[in-house]
Amino acid sequence: MEPQPVRYIEAITQRYASLGYAPYRWYVADEKPPVAPLSKPLAESRLGLLTTSGCYVAGQVAFHYKDDASVRRIPMDTPPEQLRFAHITENYLESARRDPQCLVPLAALRRLRDEGMVGSLADDAVSCMGGIYSQRRVREELIPQIEGILKQQAVDVALLVPM
């Protein structure tokens, strides 16, 4: 059987309906997000990682499926066998459970740092669960947490790996 593209909007609409939610209202931004050029070369920049895969480290509390707007900090030196996933779209995690680095590429980032492609890495990657139903909670709770961690880690540029 040929691999098929994920029909994400259809799948998530059906998933939320099965959980008893009203039809999902997809977010439409009021304005374009700000885009800023790098202030220094990538080889001199501190890089952070944000994944919306619901990844956590063995021993941390797993994400909850209903509007969990919390974050997990994942130390950049975490071995892949210690990575776990809890996400509302469980059926899309098969590949990530076989190879966590497809959504949390810690080894690849360390290699880029060691080869001088990036200046340094944040101490921790930031993980959250994408697919949060409440847009208000994303704006008021999740985004400020992520911004706070990235600022605290003095990140110059962040890599977003969505799920």
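As a reminder, the structure under discussion sits directly above these lines.
What counts and what doesn't
- Residues numbered from 1 in each chain as written.
- Predicted model: local features only at pLDDT ≥ 70, side-chain atom pairs only at ≥ 80, totals over all residues.
- Heavy atoms only, no water.
- Helix = DSSP H or I, 4+ residues; strand = E, 2+ residues; numbered from the N terminus.
- Buried < 20%, exposed > 50% of the residue type's maximum accessible area, 1.4 Å probe, protein only.
- Contact = heavy atoms within 4.5 Å.
- Core = buried A, V, L, I, M, F, W, Y, C linked by side-chain atoms within 4.5 Å.
- Pairing = 2+ DSSP bridges.
- Salt bridge = Lys/Arg side-chain N within 4 Å of Asp/Glu carboxyl O.

I keep staring at the overall build of the chain and nothing clicks. Help me out?
Summing up its helical and strand segments, the chain has 4 helices and 7 strands in all. From first element to last, N terminus to C terminus, the chain shows the α and β order α-β-β-β-β-α-α-β-β-α-β. Oriented by its inertia axes, the alpha-carbon framework of the chain measures out at about 50 × 40 × 35 Å. Looking at the 163 residues of the chain, the share that counts as buried comes to 37%. Looking at the chain alone, contacts between residues at least 24 apart form 77% of all its contacts between residues at least 6 apart.

What am I meant to see in the nonpolar core here?
Inside soluble globular proteins, nonpolar side chains tend to come together where they are buried. One finds Leu-49, Val-104 and Leu-106 to be the most contacted residues of the largest nonpolar core, which totals 18 residues. Of all the secondary-structure elements, those providing two or more residues to this core are β1 (46-51), β2 (55-57), β4 (83-85) and α3 (106-114). Once residues lying within four places of it in the same chain are set aside, the contact partners of Leu-49 are Met-76, Val-104, Pro-105, Leu-106, Leu-109, Ala-125, Val-126, Leu-159 and Val-161.

Looking at this structure, how should I read the pairing of strand β6 (residues 124-128)?
Within a regular strand, side chains alternate between the sheet's two faces. The buried fraction of β6 amounts to 5 of the 5 residues, a majority that puts the element mostly inside the structure. Burial along β6 is two-sided: Asp-124, Val-126 and Cys-128 and Ala-125 and Ser-127, pointing in opposite directions, are all buried. Sheet topology places β1 next to β6; 2 bridges connect them, and they run parallel. Residue pairing in the sheet places Leu-50 in a bridge with Val-126 of β6. For strand β3 (residues 71-75) and β6, the ladder comprises 5 bridges, and the chain directions are antiparallel. Across the sheet, the residue bridging to Arg-72 is Ser-127, located in β6.

Please clarify how the pattern of salt bridges should be interpreted in this entry.
A side chain of one charge can pair with a side chain of the opposite charge when the charged atoms of the two come close. Enumeration according to the criterion identifies 6 salt bridges in this entry. When the shortest N-O distance is used, the salt bridge between Arg-73 and Asp-124 registers 3.0 Å. Residue Arg-73 is found in strand β3, and its partner Asp-124 is found in strand β6; the two are separated by 51 residues along the sequence. According to the relative accessible area criterion, Asp-124 is buried, its value standing at 15%. Between Arg-113 and Asp-114 there is a salt bridge; the shortest N-O distance is 3.0 Å. Accessibility expressed as a relative area gives 33% for Arg-113, which makes it partly exposed. Under the relative-accessibility criterion, Asp-114 is labelled exposed at 58%.

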